[in-house]
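Observations on the model geometry
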Amino acid sequence: MTTIRLTVAQALVRFLAAQYTERDGTRQRLIGAMWGIFGHGNVAGIGQALVEYADLMPYHQGRNEQAMVHAAVGYARQSGRLSAHAVTTSIGPGATNLVTGAALATINHLPVLLLPGDVFAARPADPVLQQLEVPYAGDVSVNDTLRPVSKYFDRITRPEALIPSALQAMRVLADPVDTGAVTLALPQDVQAEAHDWPERFFAERVWTVRRPGADAAELTEAVQAVRAARRPLIVAGGGVHHSRAEAALAEFAAATGIPVASTQAGKGSLRHDHPQDVGGIGHTGTATADALARTADLVIGVGTRYTDFTTASGTLFENPAVRFLNLNIAPFDGHKLAGLPLVADARSGLEELTERVRMHGHRVAGEYVAEYTEAKERWERTVDACFAAPDPAARPTQPQVLGALDALVDESDIIVNAAGSLPGDLHKLWRARSADQYHLEYGYSCMGYEIPAALGVKLAAPERNVWALVGDGTYLMLPTEIVTAVQEGVAIKLVLLQNHGYASIGGLSEAVGAERFGTAYRYPAGDGTYTGAPLPVDLAANAASLGMRVLRAGNVEELRAALGEARAADVPTCVYVETETSDTVSGAPPAQAWWDVPVAATATRPSAVKARELYERHVSTRRRHL
């Protein structure tokens, strides 16, 4: 057997450079690049290996470990989960900073390879810098915090252990059911240790991403359920995009006339102007989709996890006779809500369903089509009213900012968002023009995701205009990767909305009787609250100080001009605008369905007492679908 003598880190980099995925005859690198921040726990190992093999593994310099994972996740999603990035960190805080990003990746079923440094495996000195001492277990390190948020975890304490572990890591990353964060913890001494590696370890390997079809019996039962339904509704989730099943969904919807609502992850599964698209569903959904959900007798979930935002915390699907048909590649999700499982790849399953349904010539009644078509048209007029800005000299509302952007972009633009009040407005109002235009991370709804994720998306699609929509709260969480975008010349566009606080949680706080306590960015008022004057924070100046080109917009007219200038820019560019938040100015439509946030069971303040009464009325409508 021919061997090659390399360090563990060198062997890992060479191995990663030779891994590929293949789906539908298209092959691409599984690990497209590696992000890294170096410290004593990885600089002599992975750091040296990246220098040694700079021609094999592209490297990106990050500023925050969590942000590097977000960038990797953005890249993986834009790449259809067929290509991913790795992230290397030192030990200690560099490693634990990965936990939030790892949770986000795993919850959203998006692949990322995490390579945190770890304390000495040989324990030449004990403890070493940044080592966690656990009296009852000598083999525990801070990296064990990554176990519950990783789909696969291993600690490589001997060089030869890398071979089976690396192969398992690639298997999980490429698996459409099991993918998520994968962690290989690398003790700093092992990284630099030499070993004689089998040459075949570095041969090209292709990991086939499967498209399993449906079981014949499940398919027959699914067809019967579709044919028996009089008011069916499709709920399109993120699995539609992961499978690249948008065309198959459009064909099934057109063939049957069944309307299609979308989750946050599934929005864009159909273009906004497709006759069967009825918009977002659930707490942040449209009136059209939610009304259809309340009367649906069959809900066909395609690639959805049925989160509480989608089901309105178990209150949305009101029809006593409602049944669920769940097309999902993951059996775990296929059996949710006591549904009929159709375990298959989304595209394969939809194609099989379409073929079988067409054999019977099945289509929903014309009256049902007319009903949702008219409701869709009414909602479009609502969107137009929210987007309209009759006074170009006025400060824009948040929906008017979205309206100005909506009027500018085409199907090539990509919109990235994750947290705050923007997800609700976008889900209700945004008109998705392409399958991948709407990039909203709502599985973990992580503040700080937008800027680094936009960077990752742009790396995956350099020819596209990529917009990160960011409120002031999210911006203050994690603006650091602006520096990376400037350094590498990645021309992301940042729309920074200043509304002086946590707008989304402020509204929720008011609704649950907490009276917006601690949600505004203001000076203390002397009574324990923060209700004084707004803080004199200049976020535009901050973005400029990090190297970004900044365009300030004081009103609607200036906003339109600034957005147009930013879209044409070939350098990272920020459009900064302070939004109008007055109660007298029209904002987005209110929530069209409930969301369960428990309210204090006992309180003396009238706002909390009233909120509890309303809460109990909503809770009484919740049902278990059995």
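Up top is the structure.
So, here is what we can say about the structure in this document. (Residues numbered from 1 in each chain as written. Predicted model: local features only at pLDDT ≥ 70, side-chain atom pairs only at ≥ 80, totals over all residues. Heavy atoms only, no water.)

Attention shifts here to the overall build of the protein chain. Within the protein chain, the secondary structure is distributed over 24 helices and 23 strands. In terms of C-alpha radius of gyration, the protein chain reaches 25 Å, essentially the compact-globule figure of 25 Å for 626 residues. The buried share of the protein chain, reckoned over its 626 residues, is 57%. Taking all contacts inside the protein chain whose residues are at least 6 apart in sequence as the whole, residues at least 24 apart take part in 76%. Per element, the accessible surface of the protein chain, about 24600 Å² overall, is 53% carbon and sulfur. Charge-centre separation for the protein chain: the mean point of 55 positive side chains lies 4 Å from the mean point of 68 negative side chains. (Helix = DSSP H or I, 4+ residues; strand = E, 2+ residues; numbered from the N terminus. Rg over C-alpha atoms; globule rule 2.2 N^0.38 Å. Buried < 20%, exposed > 50% of the residue type's maximum accessible area, 1.4 Å probe, protein only. Contact = heavy atoms within 4.5 Å. Areas by Shrake-Rupley, 256 points an atom, 1.4 Å probe, with all protein chains shown as cover. Lys, Arg positive; Asp, Glu negative; His and termini not counted. Charge placed at Lys NZ, Arg CZ, Asp CG, Glu CD.)

In this section: the sheet that holds strand 11 (residues 205-208). Spatially, the 3 strands line up as an open sheet ordered 3-2-11, and their pairing is mixed. Of all strands in the sheet, those with a lone pairing partner are strand 3 (26-29) and strand 11, marking the two edges. Adjacent strand axes in the sheet meet at a mean angle of 30° when their direction is disregarded. Where strand 2 (residues 19-23) lies against strand 11, 4 bridges are found, and the strand directions are parallel. Each bridged residue has a counterpart across the sheet, and for Glu22 the counterpart in strand 11 is Thr208. (Pairing = 2+ DSSP bridges. Axes fitted to C-alpha atoms, helices over the stretch in contact; angles between N-to-C directions.)

One finds Ile281 and Ile300 to be the most contacted residues of the largest nonpolar core, which totals 51 residues. With residues up to four places along the chain from it excluded, the contact list for Ile300 reads Val226, Leu233, Ile234, Val235, Phe252, Ile258, Tyr306 and Leu325. Counting 47 residues, the second-largest nonpolar core is a separate cluster that includes Leu98, Ile451, Ala453 and Met548. (Core = buried A, V, L, I, M, F, W, Y, C linked by side-chain atoms within 4.5 Å.)

On to the packing of helix 3 (residues 65-78) against helix 5 (residues 98-107). Between helix 3 and helix 5, whose axes approach to 7 Å, the crossing angle comes to 20°. By the angle between their directions, the pair helix 3 and helix 5 is classed as roughly parallel. Helix-helix and strand crossings are classified by hand; for helix 3 and helix 5 the assignment is right-handed. On the side of helix 3, the interface is formed by Glu65, Gln66, Val69, His70 and Val73, while helix 5 contributes Leu98, Thr100, Gly101, Ala102, Leu104 and Ala105. Broken down by class, the residue content of the contact of helix 3 with helix 5 amounts to 6 nonpolar, 4 polar and 1 charged. (Parallel < 35°, antiparallel > 145°, perpendicular 65-115°, else oblique. Left-handed = near helix turned anticlockwise from the far one by under 90°. Nonpolar A, V, L, I, M, F, W, Y, C, P; charged D, E, K, R; others polar.)

So far we have only geometry, and geometry alone does not tell us how the molecule works.
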